[in-house]
Amino acid sequence: MMQKLDGEDVRIVDYFDVIAGTSTGGLVTTMLTAPNENNRPVFAAKDIIDFYLDNCPKMFPQEM
């Protein structure tokens, strides 16, 4: 929806001054705000789900 209104390059970070989180929230926050060489976010929110599902077991192992 945001892309339809504000263009393809808009990211959720464009609408907030501060984004924070812990654990999974910290990972999502970092991915939403990590800049590329043009100081634009590397990831769109839609990209985070696949990254998280693929890498979650490595970052948050469930071994007891």
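The rules behind these values
- Residues numbered from 1 in each chain as written.
- Predicted model: local features only at pLDDT ≥ 70, side-chain atom pairs only at ≥ 80, totals over all residues.
- Heavy atoms only, no water.
- Phe/Tyr/Trp six-rings, centres within 6.5 Å; stacked < 30°, edge-to-face > 60°.
- Helix = DSSP H or I, 4+ residues; strand = E, 2+ residues; numbered from the N terminus.
- Patch = residues over 30% accessible without salt bridge, like charges linked within 9 Å, V, L, I, M, F, W, Y side chains within 5 Å.
- Areas by Shrake-Rupley, 256 points an atom, 1.4 Å probe, with all protein chains shown as cover.
- Salt bridge = Lys/Arg side-chain N within 4 Å of Asp/Glu carboxyl O.
- Bend = angle between axes of the 7 residues up to and from the residue.
- Buried < 20%, exposed > 50% of the residue type's maximum accessible area, 1.4 Å probe, protein only.
- Contact = heavy atoms within 4.5 Å.

Student: Now, about the packing of aromatic side chains: what can you tell me, with residues and values included?
Tutor: By the definition in use, this model includes 2 aromatic pairs. Centre to centre, the rings of F43 and F51 are 6.2 Å apart; their planes meet at 50°, and the pair counts as tilted.

Student: So what about the environment of F43? Which residues, and what values?
Tutor: Within the fold, F43 resides in the loop between α2 (24-33) and α3 (45-59). F43 sits 15 residues away from V28 along the chain, and the two C-alpha atoms are 9.8 Å apart.

Student: Account for a nonpolar patch on the surface, naming residues and giving values.
Tutor: Together, I12, Y15 and F16 give the surface a local cluster of nonpolar side chains, amounting to about 280 Å² of exposed area. Inspection of the secondary structure puts I12 in the loop between α1 (2-6) and α2.

Student: Tell me what's going on with α3, and back it up with residues and numbers.
Tutor: It helps to recall that an α-helix has 3.6 residues per turn; residues three or four apart then point in one direction. When the local axis directions of α3 are compared, the greatest deviation, roughly 40°, occurs at L53, which is followed within four positions by the proline P57. The complete set of buried residues in α3 reads I48, N55 and C56. In the core, the buried residues of α3 are packed alongside α2.

Student: How would you summarise the pattern of salt bridges if you had to cite specific residues and measurements?
Tutor: Counted according to the given criterion, the structure contains 2 salt bridges. When the shortest N-O distance is used, the salt bridge between D14 and R40 registers 2.8 Å. Taken together, the positions of D14 in the loop between α1 and α2 and R40 in the loop between α2 and α3 put the pair 26 residues apart, joining distant regions of the chain. Look at R40 and you get partly exposed, because its relative accessible area is 29%.

Student: Tell me what's going on with α2, and back it up with residues and numbers.
Tutor: Every buried residue belonging to α2 is among G26, L27, T29, M31 and L32, and all of these are buried. Those residues of α2 that are buried are in contact with α3.

Student: Go over unusual backbone geometry with me, naming the residues and quoting the values.
Tutor: One non-glycine residue, S23, lies in positive phi territory at about 55°. By the element assignment, S23 lies in the loop between α1 and α2. Its identity as a non-glycine residue notwithstanding, N39 has a phi of 60°, on the positive side. Relative to the elements of secondary structure, N39 occurs in the loop between α2 and α3.

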